[in-house]
Amino acid sequence: MTDLLTFEQRKQQLQAHYDRLIGLVQTGEVLPEPAPNLALLRAARDALDGDLRLRVLLVGDFSTGKSSFINRFLLKQDLLPAWSTPTTTFPTRIRHGQQLRTVRYQRSARENVDLEEEVVTENIAETLKAWVSTADNSAADSSSPVFLEAPTLTAGLEIVDAPGLNDPNPERMKLTLDYLNQADGVLFFINAMRPWARYEETVFEWELLSRELLGRLYVIVNYWDQIETSQRDDVLEYIDQRVHASLAKRAATAADHPIPILPVSAKTGENAALIQEQVWDVLSARKSKEVLALRVRRFNQELAKYAKILDDRLGLLGLDAQGQGRRRTQLQQEIKDYEQQRETFLNNLQRLLVLDFQHYHAQFQRLFKALVADVLALEKDAFALCSAKELNDFLSQRLSHLQKQTARKLEAMDTAFLERLRTTIEGQKANIGILPSNALTMEEYVLRWQGLDGEPLAESAPIAMGGMGLAGLLVGAGAAWQTATVATATPGALTTIGAFFTGAPAAAASSFMLFGVPAIALGGLLLLSAYITKEKGKDTLRKQVRAACLKLAEGIDDEQWKTLDQLKANQSQCIAQICANVDDDIARALQERLTELDAIQRIEDQGAALRVTRDQIVGLELRVNG
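Quick notes on the rules
- Residues numbered from 1 in each chain as written.
- Predicted model: local features only at pLDDT ≥ 70, side-chain atom pairs only at ≥ 80, totals over all residues.
- Heavy atoms only, no water.
- Helix = DSSP H or I, 4+ residues; strand = E, 2+ residues; numbered from the N terminus.
- Buried < 20%, exposed > 50% of the residue type's maximum accessible area, 1.4 Å probe, protein only.
- Contact = heavy atoms within 4.5 Å.
- Areas by Shrake-Rupley, 256 points an atom, 1.4 Å probe, with all protein chains shown as cover.
- Pairing = 2+ DSSP bridges.
- Patch = residues over 30% accessible without salt bridge, like charges linked within 9 Å, V, L, I, M, F, W, Y side chains within 5 Å.
- Salt bridge = Lys/Arg side-chain N within 4 Å of Asp/Glu carboxyl O.
- Lys, Arg positive; Asp, Glu negative; His and termini not counted.
- Charge placed at Lys NZ, Arg CZ, Asp CG, Glu CD.
- Core = buried A, V, L, I, M, F, W, Y, C linked by side-chain atoms within 4.5 Å.
- Polar contact = N/O pair within 3.5 Å; in protein donor to acceptor, adjacent residues only side chain to side chain.
- Phe/Tyr/Trp six-rings, centres within 6.5 Å; stacked < 30°, edge-to-face > 60°.
- Axes fitted to C-alpha atoms, helices over the stretch in contact; angles between N-to-C directions.
- Parallel < 35°, antiparallel > 145°, perpendicular 65-115°, else oblique.
- Left-handed = near helix turned anticlockwise from the far one by under 90°.
- Nonpolar A, V, L, I, M, F, W, Y, C, P; charged D, E, K, R; others polar.

S.K.: So what exactly am I meant to see when it comes to the overall build of the protein here?
M.R.: What the protein contains, in helices and strands, is 18 helices and nine strands. Looking at the protein as a whole, 54% of its 626 residues qualify as buried. A fraction of 81% describes how many contacts in the protein between residues 6 or more apart in sequence connect residues 24 or more apart. Carbon and sulfur atoms form 49% of the exposed surface of the protein, whose accessible area is close to 27200 Å².

S.K.: Quick question: what am I supposed to make of the pairing of strand β5 (residues 146-150) here?
M.R.: Along any regular strand the residues' side chains alternate between the sheet's two faces. Burial within β5 is extensive, with five of its five residues counted as buried. On β5, burial covers both faces: V146, L148 and A150 on one face and F147 and E149 on the other are all buried. In terms of strand pairing, strand β2 (residues 92-96) meets β5 through five bridges, oriented parallel. What sits directly across from I94, in β5, is L148. As paired elements, strand β3 (residues 101-107) and β5 share four bridges and run antiparallel to each other. Within β5, the position partnered with V103 by the bridge is F147.

S.K.: Just checking my understanding: could you explain a negative patch on the surface for this structure?
M.R.: Taken together, D233, D234, E237 and D240 make up a surface patch of like negative charges. Summarising the element assignment, D240 is placed in helix α7 (residues 232-250). For D240, a relative accessible area of 32% translates into the label partly exposed.

S.K.: Even after reading the chapter, I still don't get the nonpolar core, so can you show me in this structure?
M.R.: As a rule of thumb, soluble globular proteins bury nonpolar side chains together. Of all hydrophobic cores here, the largest spans 49 residues; its most connected members are F345 and L353. Going through the elements one at a time, α9 (321-382), α10 (388-431), α11 (442-447) and α16 (538-598) are the ones with two or more residues in this core. A total of 17 residues in this core trace back to one element, the largest contributor, which is α9. In this structure, L353 is in contact with L421, T424, I425, I575, I578 and C579, ignoring residues within four places of it in sequence. F69, I70, L79 and L80 belong to the second largest nonpolar core, which has 34 residues in total.

S.K.: Could you clarify how one ought to interpret the side chain of D49 in this entry?
M.R.: Inspection of the secondary structure assignment puts D49 in helix α2 (residues 35-51). The exposure class of D49 is buried, given its relative accessible area of 17%. At a separation of 2.9 Å, a polar atom in the side chain of D49 contacts the side chain of R53.

S.K.: What's the story with the packing of aromatic side chains in this structure? I'm lost.
M.R.: The geometry of an aromatic ring pair comes down to the distance between the two centres and the angle between the two planes. For the structure on display, the rule yields twelve aromatic pairs. Note on F69 and F189: the rings are 5.1 Å apart at their centroids and 75° apart in plane angle, and the pair reads as edge-to-face. On the criterion of sequence distance, the pair formed by F69 in helix α3 (residues 66-75) and F189 in strand β7 (residues 185-191) is long-range, its members being 120 residues apart. Per residue, the accessibility class of F69 equals that of F189, and both read buried. Members of the aromatic cluster, joined through ring pairs, are F357, Y360, F364, F368 and F417.

S.K.: Can you walk me through the pairing of strand β8 (residues 217-222) in this structure?
M.R.: By the criterion of burial, β8 is predominantly enclosed, with six of the six residues buried. Because side chains alternate across β8, one face comprises the buried residues L217, V219 and V221, and the other comprises Y218, I220 and N222, equally buried. Where β7 and β8 come together, six bridges link them in parallel fashion. Bridging from a neighbouring strand, F189 pairs with I220 of β8. Sheet topology places β8 next to strand β9 (residues 261-263); three bridges connect them, and they run parallel.

S.K.: Even after reading the chapter, I still don't get the packing of α2 against helix α8 (residues 272-315), so can you show me in this structure?
M.R.: Relative placement of two packed helices is described by the angle separating their axes and the distance separating the axes. Between α2 and α8, whose axes approach to 12 Å, the crossing angle comes to 165°. With respect to α8, the element α2 is oriented roughly antiparallel. As for the relative orientation of α2 and α8, their crossing is left-handed in sense. Taking contact as the criterion, the partners of N37, L41, L48 and D51 in α2 are, on α8, K287, V291, R295, E302, K305 and Y306. Partitioned by chemical class, the residues of the contact of α2 with α8 number four nonpolar, one polar and five charged.

S.K.: Explain the packing of helix α1 (residues 3-26) against α8 here, please?
M.R.: At their nearest, the axes of α1 and α8 sit 8 Å apart, and the two run at 15° to each other. Classed by the angle they form, the pair α1 and α8 counts as roughly parallel. Judged by the sense of rotation from one axis to the other, the crossing of α1 with α8 is left-handed.

S.K.: Before we go on, may I ask you to explain unusual backbone geometry in this structure?
M.R.: Negative phi values dominate among residues other than glycine, just as trans dominates among peptide bonds. At K76, a residue that is not glycine, the phi angle is positive and equals roughly 65°. Within the fold, K76 resides in the loop between α3 and β2. Phi is positive for N123, which is not a glycine, with a value near 50°. Its location among the elements puts N123 in the loop between β4 (115-120) and α4 (124-132).

Keep in mind these numbers describe shape, not what the thing actually does.
Pasting the structure below:
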């Protein structure tokens, strides 16, 4: 059995165990009011399909045979358009499906509907040619997601056929560069008959090696059937030398992560087994170790949490009448003490939360001030370039890098902000002797807040396109199609958090995107740069660059203040909501413990059933590394 199939089976096993845990919690024997916990468990379960899908991006010049490779090695038939001229308008996602069909989502003109789904099950090749190729679709909206589902593709694998990196349209090229940040593996295609062109070397060094892709980057040498047997060793040696020369310039740790160079023929199918063993199996084993193992640990932590809840309830069975009386008196005193301290506690908490929000606002302003400075600095660096093509390539690469860098900083800043809120709340609770929250993760902690915990987080919903939120923050210029990554199109739990702080509508986002409190559609801003047109004369090009950089800087500055205004406008309401939830949570926890004592006879009658449920929960534990 291949590692890819093993990975998929372990994912399905984890999903099945989540289903069994959800069923046990749903009975009401574990928790008196299980609804909020069930919503979180279902969200975690449904997110596995997106988190544990193996995403592989195919990149390279036009005419290097990416689409032909997919047709031959994966689809087993000619479905994707493959010509010697630019064909792919924007990324096409290929994944497993029970039925061969293609699906696209387009912006809807109907009120309250973000996307319209169009499904085609016949004449697939002709449909894809019309939907994704530049030949028939030059005026198409390049943000419209297109999916191809095929029974021949292994479940759990998703292939992205991207526009060529020498695409004359810089917006489409940037879509490809943006997706590099999310792919589990990247196959860099070159043509064996003209290997390692100057442009390929530039892209390899400045885009691929600069993005921490070592260990998941492959060089695929296509059209291997066109190379004479006597010349094959020389061709591979030449490519190997060029790869090592680039590594020496761009990657200090290259020796620890050799980049495989795999010759294939999309025409004859030569070396199909090599692709299976060195690409699909290696990447799936890596994701199993790095991602699946973490999800299994998280699941086992959930099991331990619910087992402890049952242990605590069963512990009440050991109390005699005198012990029950002492425990009831203690709980009644705790409730009375909290009622006396409640007003002071909430006032102090509100004051400290205001300081936390102000600290975040200051960090946010500093970050975007630095971003504006970086954008304006592009003008100086671009002046050394002489042609419109060089300038477009330069802007695409640098803007994509800035976007990734800013998203990372925002992610870290937002995570720290939420952790700061949690520390403030739990510190104030500790000051008055209240037990800490048993939430396992920051996501679970925040989603318990009133107004979020009742949301149907795991139910399917249309993919939101126009809404601000986490997706707009992180996925960049490709927000529309990258938002549609998750097969189930579930509303992102963490996007809901962003909507809570900003008051903006939540956009769909896959769960591997982390916290994104501010609703900054950064990718859209980067496209304000108005890419350079073909004009003669260096002075004209400089004027265009200056205008583009100024326009982009102004756009970022405007969006910064709009988002800050939105955050500030919602701050009072958010803080009041948080304080009300903390107050309610403390009171409910204390009352539930008292209720347990009042229902001690019922617990004794059902003690055997509770022990069975506890044993069933503990029995669901999975091995972390399979």
